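Chain residues, written in single-letter form:
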Amino acid sequence: MKRNAAAWMLAAPALFALGLFFFLPIAAALLLSFTDFDLYALADLGNLRFVGLGNYLTLLRTPLFGKALGNTIEFVVIGVPLSIATSLGAALMINSRLARFKPLFRTIFFAPVVTTIVAVAVIWRYLFNTQFGLINWALGLIGLGPVNWLGDPHWAMPAIVIFAVWKNFGYNMIILLAGLQAIPDELYEAARIDGAGPAAQFRHVTMPALAPVMLVVSILTMAAYFQLFAEPYVMTQGGPVQSTTSILYLMFTQGFEFWNLGYATAVAFVLFAILFALTLVQLRLSRRWSDR
Amino acid sequence: MKRQKILVNASMWLLGLFAVAPLLWMVSVSLMQPGEAAHFPPPLLPAHPTLQNYVILFATTDMARFFLNSLILATLASVISTSFNVMAGYAFAKLEFRGRDALFRWLLAALVIPAQVAMIPLFLLCKELGLVNSYAGVLVPSIATVFGIFLVRQYALAIPDELLEAARIDGAGEWRIFRSIALPALTPILVTLATFAFLASWSDFLWPLIILNDTDMQTLPVALANLAREHVQDIELMMAGAVITLAPVLLLFLMVQRYYLSGLLAGSIKG
Amino acid sequence: MIPRQALTIAVALLLGSCAKSGGVTLTVWAMGAEGAAIGQLIPAFEKANPDIHVDVEQIPFTEAHQKLLTGFAGGSLPDMAQLGNSWLPEFEALSALQPLDDRVAQTPVIDPADYFPGIWDASRIDGQLYGVPWYVDTRLLFYRRDLLKRVGFDHPPKDWAEWRRQMIAIKHLVGPGRYAALLPLNEYEPLEVLGLQQAEPMVTADAHGNFESPGFRRALAFYLETIRSGLAPAVANTEIANLWDQFDRGDFSFYITGPWQLGEFARRIPPARQAEWSTAPMPGPDGPGTSNAGGSSLVIFRKSEHQEAAWKLIAYLSRPAIELQFHRLTGDLPPRRSAWRAPELAGDPKAQAFAVQLRRVEPTPKVPEWEAIATMMRTVTEAAAHNRMPVDAVAAELDRRADAILAKRRWMLAREKTATVSGGAGRS
């Protein structure tokens, strides 16, 4: 079976790399999560204790984990709809026959996606500066008081949401744009003949046709937003008062600053379990909805 | 109709402004005198533009070195990742082998796993392999990616089977078919993949932060993050650092955007 | 194929020749401004020791802890490093540090009696010396003399009660929107210092949190009251756009900080207004108070293969003259009393407050978990500053979390004890 051999030869390098550098560490992480690996164990492996589900139980009782989970959920609940709405809006604009300079705007809308997150987080940290930031200055122009974006525990996460939406909306825009462009014009014609205005056309032609694409976009965006890390790391160091500590940020600080590896890997797997469950739920809901 | 047209275009300009204003402001501040930006109302344009911040950056930090590190690593990651991924993606798309589809489904499931989960044990593994504090160590997670394989496979599915069959009948070996038929057909997605890998490697900062210990091996994002945490007050300097970090990726994007965007499209929609 | 082989050989030759150019390359990690300054002291050392080449790597303070631990885990630690005193117990627990008592005994230049006792003690753990103090850091009051005079005080506070009175008076003077003191919520040092001033330690010998002791509760109450009553703003230091500007404008009149600010204040406050501020040792609950025995020591890592050369560098840097030179470069304060006799330090009243304070310093609890506990303390008190939780409840929460952090240590201590009891090599 020369073809079989060739297939393996072509696929093997990537599979080997993935196996050794991705799947093996994941399995090791799972094992680690059942131990209390920490600084003492780092010094001497004899100090390692097997604790079974101990880390997971501790997690559930640690206020900080609950806070991190809450923060992450807050980010997802506010950020995902906002992000998709912005992307949809952008896609509709680009797709519209009335719009001019479309290629230029498509590029402009996508540009934030390719930026290095560290660099733009530094920019936005200063845009959010209470005294000298552009955002508070713009708010002041329309009569709204200065907001202590990165210093007030209530506003820090919304600030991060705004930043994340800015950075990512271009990506989903492209996907939604493709979906929009795939909708046949005849459907719109038919609706127009029936007397439907733009809003009705949107509700009865666009949205139903976009439903499958929207599902993909929402699953991907949700999964991505649950993995919030870089923004809190650069902009707020998880503060103020840990209001922007996300699950992965917690994992990072526990893992690499304090080397509580057992605890940190348990955090990571809880996140994975959540993502997995949510994806399944979304898929099942969509199937039931489309069956109706 | 006219009102609608104005509405649509005005919204587009507004959103465009939202998208690009931070980047324009970054450039503007990087040309300001030190301390100029910390005023109210915040200045939009420098009063006396100066390149001083860039000079200070290159003179007092190892910016040039960091830039070079990032460039070398991103290029290597791009080349290696694209090669590994294209071979595997083609194999998954067009070559039959036992367990192919089941294996691919498992790989897809892995997309849900956050990469950070693997980082800690991967670090320990790299330590055993002696890869800590080396370029090789930095490249290790980028060698092959599930997303890359997925993209290539999606695109490769479109290669007509008849073409490949005809070549086989003519007696060509699989490797030859891959090189002379598949690769040319996959060129657009290769560009996308290479660009994607370059951008991902250039912007990656958590892994390089962990695996590299020597300051002079640092990449730009790590250096910039350090700079930002140390110099909370020197905003003009940091903006200059941000410009240096962003300029290459934005330029690259502008150059290949047509291929890049259509490639992403193709991969995300089909299947 | 051939070009690649040639390249490999060439590279190998090049690397080989580098190492063999006679002698030793010493790797040193230094943090912050000290990292830059040490680079300037190296050339003279290298000239005196031609067979030693020193390679200094500068690491930002914010990354240092993580880098050091990652370096330990990855086996890529340098030969020696500048290590903060509060981190010494951690690295000693990892068995990462080389004990230095023997070397000190054989090196007359390093005279333990010449060091401030509290500082020398900070580098000793379980009776062994693990680092040679290099520069000291302690926290005390930077304050606005002129504003204090305006409200009727011609001297800095001698104890908490007087301090509280002075803060109230100043707050009354400056009005709303401005404050008497700045106690940034993301700095744990102010509360840590207040805690060190108490008789009870913050962590007991058997690895339990001791935040519910009467002494710490008193410190916590003083700290929280100051913020909650509006004498100090409930902000992090990242929200202060320009510290020196705002100090100069009178937005706050007391700030607890360290020696590096001597230089910053001198530079960033207009020359005409330099007389308006000064420094003073910390007031304690009932009189002059202690402060933390901070700073950094020079340590040699156990796995280093160049310990002899590393010690030579440490001995060189510990000479009073070199310490003074280092002080001129960085503003950091020398740990040796003889260095303090130099006119620039003896004649500078603002620096003299530090000399006085250094005679009353206490090291932070010498447990590896202290960094985690201090960080936890910071987050709990940060939240408490924003809400109305009673002091006793805050203290109880601190103890609860500290106990959790220390759980492993208690297990290890218990294991050691059973090992000793069951006839293992006894440790008296």
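Predicted model only: the values in this text are computed from it and were never measured.

## So, the packing of aromatic side chains
Two aromatic rings, taken as a pair, are described by how far apart their centres are and by the angle between their planes.
And step 1. Per the stated rule, a full pass over the model turns up 55 aromatic pairs over all chains.
And step 2. For the pair F67 of chain B and W202 of chain B, a centre-to-centre distance of 5.6 Å together with 80° between the ring planes defines the contact as edge-to-face. Remark: W202 of chain B occurs in helix α9 (residues 174–203) and F67 of chain B occurs in helix α3 (residues 63–94); sequence separation between them is 135 residues.
And step 3. Accessibility expressed as a relative area gives 27% for F67 of chain B, which makes it partly exposed.
And step 4. Note on W202 of chain B: relative accessible area 1%, which makes it buried.
And step 5. Note on F142 of chain C and F354 of chain C: the rings are 6.3 Å apart at their centroids and 65° apart in plane angle, and the pair reads as edge-to-face. Of the two residues, F142 of chain C sits in strand β7 (residues 140–144) while F354 of chain C sits in helix α16 (residues 349–358), which places them 212 residues apart along the sequence. Like F142 of chain C, the residue F354 of chain C is buried in the burial classification.
And step 6. Here a set of aromatic residues connected by ring pairs shows up, and it is made of F229, Y233, Y249, F252, F256 and W259 of chain A together with F123 and F205 of chain B.
And step 7. Seen from the ring of F104 of chain B, R153 of chain B lies directly overhead, with NZ or CZ sitting 4.2 Å from the centre.
And step 8. Across the ring face of W29 of chain C, the terminal group of K67 of chain C is positioned such that the distance to the ring centre comes to 6.0 Å.

## Comments concerning the confidence of the model for chain C
Residue and element names in this part refer to chain C.
And step 1. Averaged over all residues, the pLDDT of chain C equals 88, while 93% of them reach at least 70.
And step 2. For residues 12–20, every residue scores under 50 in pLDDT, and the model assigns this stretch zero contacts once sequence neighbours within four places are set aside.
And step 3. Here residues 423–428 is modelled with pLDDT under 50, and outside its nearest four sequence neighbours on either side it reaches five contacts, counting other chains as well.
And step 4. Of the two predicted TM-score estimates for the complex, the pTM is 0.79 and the ipTM is 0.84.

## Thoughts on the interface of chain C and chain B
And step 1. Taken together, the contact between chain C and chain B spans 20 residues of the former and 13 residues of the latter.
And step 2. Roughly 1,400 Å² of surface becomes buried between chain C and chain B when both sides are summed, with 43% attributable to carbon and sulfur atoms.
And step 3. Seen at the junction of chain C and chain B, the total is zero salt bridges.
And step 4. One can count one residue pair in polar contact (both at pLDDT 80 or more) joining chain C with chain B.

So, how was this worked out
Residues numbered from 1 in each chain as written. Chains lettered and ligands numbered in written order. Predicted model: local features only at pLDDT ≥ 70, side-chain atom pairs only at ≥ 80, totals over all residues. Heavy atoms only, no water. Phe/Tyr/Trp six-rings, centres within 6.5 Å; stacked < 30°, edge-to-face > 60°. Helix = DSSP H or I, 4+ residues; strand = E, 2+ residues; numbered from the N terminus. Buried < 20%, exposed > 50% of the residue type's maximum accessible area, 1.4 Å probe, protein only. Lys NZ or Arg CZ within 6 Å of the ring centre and 35° of its normal. pLDDT = per-residue confidence, 0-100. Contact = heavy atoms within 4.5 Å. Buried area = accessible area lost by both parts, 1.4 Å probe. Salt bridge = Lys/Arg side-chain N within 4 Å of Asp/Glu carboxyl O. Polar contact = N/O pair within 3.5 Å; in protein donor to acceptor, adjacent residues only side chain to side chain.

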